[in-house]
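Listed here are the chains, written in short residue letters.
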Amino acid sequence: MEAILRTENLNKHFGSLHVLRDINLTVNQGDVICIVGPSGAGKSTLLRALNQLEDIQSGKIFIDGQLFLHRARGKTLRSVKTKEHKKLLLEMGMVFQSFNLFPHKTALENVMLAPMKVKGFSTEQAKARAQALLEQVGLGDKGDSYPSKLSGGQQQRVAIARALAMDPRIMLFDEPTSALDPELVGDVLGVMKNLAESGMTMLVVTHEMGFAREAADRVLFMCDGVIAEDASPEQLFTNPQNPRTQQFLSSIL
Amino acid sequence: MDSSSTIEKIITWMPSLLEASKITLLLTLASVSAALVLSIFLALGKILRVHNRNVPRPLLLLKETGTSAVRWLCSAYIFVFRGTPLLIQLYFIYYTLPKINPAMNIKDRFTAAWIAFSLNIAAYLAEIIRAAIQSIHKGQLEASHALGLSYAQTMRLVVLPQAYRRMVPPVCNEFVMVLKDTSLVSIIALCDLSFQTQKIASARASAVVYIPALVIYLIMTAIFTVTFHLIEKKLAVRE
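Starting afresh in each chain, residues are numbered from 1 along the sequence in its written order. All chains are assigned letters beginning at A, and all ligands numbers beginning at 1, according to the order in which they are written. With pLDDT at 70 or above as the cut-off, local features in this predicted model cover only qualifying residues; side-chain atom pairs require 80 or more to be listed or tallied, and sums for whole chains, interfaces and linings still use all residues. Water and hydrogen atoms were dropped before computing side-chain values, which therefore reflect all heavy atoms in the structure.

*Asks:* Account for helix 5 (residues 152-164) of chain A, with residues named and values stated.
*Replies:* What counts as a helix is a DSSP run of H or I of at least four residues, what counts as a strand is a run of E of at least two, and both are numbered from the N terminus. By this rule, a helix spans an expected 1.5 Å times one less than how many residues it contains. With 13 residues, helix 5 of chain A should reach 18 Å at 1.5 Å per residue; the first-to-last C-alpha distance of 18 Å fits that figure. When a residue's accessible area, from a 1.4 Å probe over protein chains only, is under 20% of the maximum for its type it is buried; when over 50% it is exposed; and in between it is partly exposed. In terms of residue burial, helix 5 of chain A counts as a mostly covered element, since 13 of its 13 residues are buried.

Here it is as structure tokens:
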């Protein structure tokens, strides 16, 4: 079976800092992959490079076997047609650490906006779908609330619904619970667990080791811009092979 | 000074002063409104970049040249109109332009003043709008990108509606400043409140007329201040 997402030798520099070093990653349909590691390891950058929030210097990204991006020495070598490019980009939904909801729109409008403006849904279609998604994340009664009236956990769940509204096949989570008060983390992780169980392909950068252990099929340990270890949660947490992983785990547990 | 005759005099001047105030108010409103429209384009032009870089190289180069030309033009416009006095700009449009080209003879004084003021204010407002746009959190752009919104859609649907709120106080400030700057139009003999006040002062050899003039200016300023205060309060509810 063709991998849903694959990278070949991704490299990213911030000035003289080499943040991603020859990243080769394969994500299969239905995989739930957690990426853990110390800060500055390149975890978020990897996620952001995948949906082009960061330009990579070199490497290839394939989505569904199609070449989405090929860059070398900081230049795009192969460019997909704009329409095709956007279609592939939308195969990925993104959830941010800081939620990034649109503050001038209600929860429902946040979820409705992109389906209407990008996919051409009618207001009724978009509204029905948005309402269903808000219910899925447990916020069916909060549709008319503005983000400022919602707790962090609720905002993040709206953000998940908003990303799901574009029907992505892969969900990217960039430290989705790091900005939350401890008592709000559980609700968001609960929604993510449900999503994982429903078969969504997920790539999650997280510091929630409990979630990684429980929900992930694979856990990647990243360190200094490389994937130092790629194993099942069982293996990685109980019997890490790489000394860096051992060191990291002993420092947080 | 006999106070009862002073009040009588002021009352007899009132109709002509109020008539002239209409010009002041109208010029302020018309200029700032036109300037707002123009300045949004100037602000967006000044921060324009190539957003879809996913195109063949020759086209990318063309797009980069085009956007930098737009950026340069907008910056140059702002530089010129902020860098020279409004008074001279007004002279230039009313007196010099017809000398350069007779077709550019703007005979109507109000129109000439309106054009000069709009062009000048736009340069200031453009910087206010640019600052408001750039103060919107980067995460808003990233979320829009991830949802597949184009740059134009992101600006129109996400960034500008949020930037409007931040623009309200400085735009109110601009209104109040323009209201008083309109007194410059006396140099092209447009009969605004200041011009009318001067006329009465010299014809009647009476300096008392400056008192009602000051009061009328203050009342007009108060109208803008209160209106904008209400707008600000209304917009702030959701933040």
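That covers the picture; the talk isn't over yet.
*Asks:* Account for the nonpolar core, naming residues and giving values.
*Replies:* Put simply, buried Ala, Val, Leu, Ile, Met, Phe, Trp, Tyr and Cys residues joined by side-chain atoms within 4.5 Å make one nonpolar core. In this structure, Ala113, Phe117 and Ile133 of chain B are the most contacted members of the largest nonpolar core, which totals 59 residues. Looking at this core, the elements with two or more residues in it are helix 1 (3-46), helix 2 (57-83), helix 3 (86-100), helix 4 (109-134), helix 6 (151-181), helix 7 (193-204) and helix 8 (210-236) of chain B. In terms of residue count, helix 4 of chain B provides more of this core than any other element does, 14 residues in total. The contact criterion used is simple: two residues touch if any of their non-hydrogen atoms lie within 4.5 Å. Ignoring anything within four residues of it in the chain, the contact list for Phe117 of chain B reads Leu27, Ser31, Leu86, Leu90, Val178, Asp181, Thr182 and Val185 of chain B. The next biggest cluster of nonpolar side chains, apart from the first, holds 51 residues, and it includes Met112, Leu134, Val204 and Leu249 of chain A.

*Asks:* Could you give an account of the packing of helix 4 of chain B against helix 6 of chain B, naming the residues involved and the relevant values?
*Replies:* Residues and elements named next belong to chain B. Helix 6 packs onto helix 4 with a crossing angle of 140° between their chain directions and a minimal axis gap of 8 Å. Taken together, the axis directions place helix 4 and helix 6 in an arrangement best described as oblique. Helix 6 is crossed by helix 4, and the crossing has right-handed handedness. Residues Phe117, Ile121, Tyr124, Leu125, Ile128, Ile129, Ala132 and Ile133 of helix 4 touch helix 6, and the partners they reach there are Met155, Val159, Leu160, Ala163, Arg166, Met167, Pro170, Val171, Glu174, Val178 and Asp181. Fitting a line to C-alpha atoms yields each axis, with helices limited to the stretch in contact; the angle taken between N-to-C directions then spans 0 to 180 degrees. Any angle that is under 35 degrees is reported as roughly parallel, and any over 145 degrees as roughly antiparallel; angles of 65 to 115 degrees are reported as roughly perpendicular and all others as oblique. Handedness of a crossing is defined here by the sense of rotation of the near helix relative to the far one, left-handed for an anticlockwise turn of less than a right angle and right-handed for a clockwise turn.

*Asks:* Please provide a residue-by-residue account of unusual backbone geometry, values included.
*Replies:* Residues and elements named next belong to chain A. Despite not being glycine, Phe99 shows a phi value in the positive range, around 65°. Within the fold, Phe99 resides in the loop between strand 7 (92-95) and helix 3 (107-117). Judged by relative accessible area, Phe99 falls into the buried class, the value being 11%. A positive phi is found at Glu175, a non-glycine position, where the angle reads about 45°. With respect to the helices and strands, Glu175 occurs in the loop between strand 8 (170-174) and helix 6 (182-197). Glu175 sits in the buried class, given a relative accessible area of 12%.

*Asks:* Mind laying out the packing of helix 6 of chain B against helix 8 of chain B, listing which residues take part and the relevant values?
*Replies:* Residues and elements named next belong to chain B. The interhelical angle for the contact between helix 6 and helix 8, taken along N-to-C directions, is 175°, at an axis separation of 10 Å. Between helix 6 and helix 8, the crossing angle belongs to the class labelled roughly antiparallel. For the pair formed by helix 6 and helix 8, the contact residues are Arg165, Val168, Pro169, Val171, Cys172, Phe175, Val176 and Leu179 on the first element and Tyr217, Met220, Thr221, Phe224, Thr225, Phe228, Ile231, Glu232 and Leu235 on the second.

*Asks:* Can you break down the interface of chain B and chain A residue by residue, with the values?
*Replies:* Between chain B and chain A, the contact holds 27 residues from the first and 32 residues from the second. At the boundary of chain B with chain A, total buried surface from both sides reaches about 2,400 Å², with 57% on carbon and sulfur atoms. Salt bridges are defined as contacts in which a side-chain nitrogen from Lys or Arg sits within 4 Å of a carboxyl oxygen from Asp or Glu. Taken together, chain B and chain A are joined by 1 salt bridge. Counted as a polar contact is a pair of N or O atoms within 3.5 Å, where, for protein atoms, one must be capable of donating a hydrogen and the other of accepting one, and residues adjacent in sequence contribute only when both atoms are in side chains. Where chain B packs against chain A, one counts 7 residue pairs in polar contact (both at pLDDT 80 or more). Put simply, the parts of the chain that give the side of chain B that touches chain A at least two residues each are helix 5 (138-146) and helix 6 of chain B. Sort the elements by how many residues they give to the side of chain B that touches chain A and helix 5 of chain B lands first, with 8 residues. Residues are grouped as follows: nonpolar covers Ala, Val, Leu, Ile, Met, Phe, Trp, Tyr, Cys and Pro; charged covers Asp, Glu, Lys and Arg; every other residue, Gly included, is treated as polar. In the side of chain B that touches chain A, the residues fall into 10 nonpolar, 11 polar and 6 charged. Buried area adds together the accessible area that both of two parts lose upon being put together, with accessible area traced by a 1.4 Å probe.

*Asks:* Can you break down empty space enclosed by the protein residue by residue, with the values?
*Replies:* Definitions used throughout: a 1 Å grid over protein atoms alone; a cavity as a set of points that fits a 1.4 Å probe which cannot get out; a pocket as an open set with protein on both sides within 12 Å along at least five of seven lines; a lining residue as one with an atom within 4 Å of a point. Grid points are joined across faces, edges and corners, and a volume is the space filled by probe spheres set on the points. Applying the stated rule across the entire model yields 3 cavities of 30 Å³ or more. Its boundaries defined by the atoms lining it, the largest cavity holds a volume of some 50 Å³. Lining the largest cavity we find Met94, Val95, Phe96, Phe99, Ala159 and Arg162 of chain A together with Ala143, Ala146 and Leu147 of chain B. If you list the elements that add at least two residues to the lining of the largest cavity, you get strand 7 and helix 5 of chain A together with helix 5 of chain B. In terms of residue class, the lining of the largest cavity is built from 8 nonpolar, no polar and 1 charged.

*Asks:* Which residues make up the side chain of Asn51 of chain A, and what values go with them?
*Replies:* The topology assignment puts Asn51 of chain A in the loop between helix 1 (43-50) and strand 4 (58-63). A residue is classified by how much of its surface remains accessible, and Asn51 of chain A, at 0% relative accessible area, is buried.

*Asks:* Break down the side chain of Gln89 of chain B for me, with residues and values.
*Replies:* Residue and element names in this part refer to chain B. Along the chain, Gln89 falls in helix 3. The buried category is assigned to Gln89, whose relative accessible area is 8%. Within the structure, the side chain of Gln89 is placed 3.1 Å from the backbone oxygen of Phe81, a separation counted as a polar contact. Not counting residues up to four positions away in its chain, the partners in contact with Gln89 are Val80, Phe81, Thr84, Ala116 and Asn120.

*Asks:* Give me the lowdown on the sheet that holds strand 8 of chain A, citing residues and values where you can.
*Replies:* Residue and element names in this part refer to chain A. A sheet is described by the order of its strands in space; here 6 strands give the open sequence 7-8-9-3-10-11, paired in mixed fashion. One side of each edge strand has no neighbouring strand; the edge strands of this open sheet are strand 7 and strand 11 (226-231). Strand-to-strand, the axes of this sheet are offset by a mean angle of 20°, without reference to chain direction. Across the face of the sheet, helix 5 comes into contact with strand 7 and strand 8 while running at roughly 170° to strand 7. The pairing criterion for strands is at least two bridges between them, as found by DSSP.

*Asks:* I'd like a rundown of helix 4 (residues 123-136) of chain A, residues and numbers included.
*Replies:* All names here are of chain A. Between its first and last C-alpha atoms helix 4 spans 20 Å; for 14 residues at 1.5 Å apiece the expected length is 20 Å, and the two agree. Taken together, the buried positions of helix 4 are Ala126, Ala130, Leu133 and Leu134. One face of helix 4 carries all of its buried residues, which in axial projection span an arc of 100°. Facing away from the buried side of helix 4 by over 90 degrees, the exposed positions are Glu124 and Ala128. The elements touched by buried residues of helix 4 are helix 3 and helix 5. One or two residues past the end of helix 4 sits Gly138, with phi positive at roughly 80°. Here the arc refers to the directions that run from the helix axis out to each C-beta atom.

Everything listed is a geometric property; what it means functionally is a separate question.
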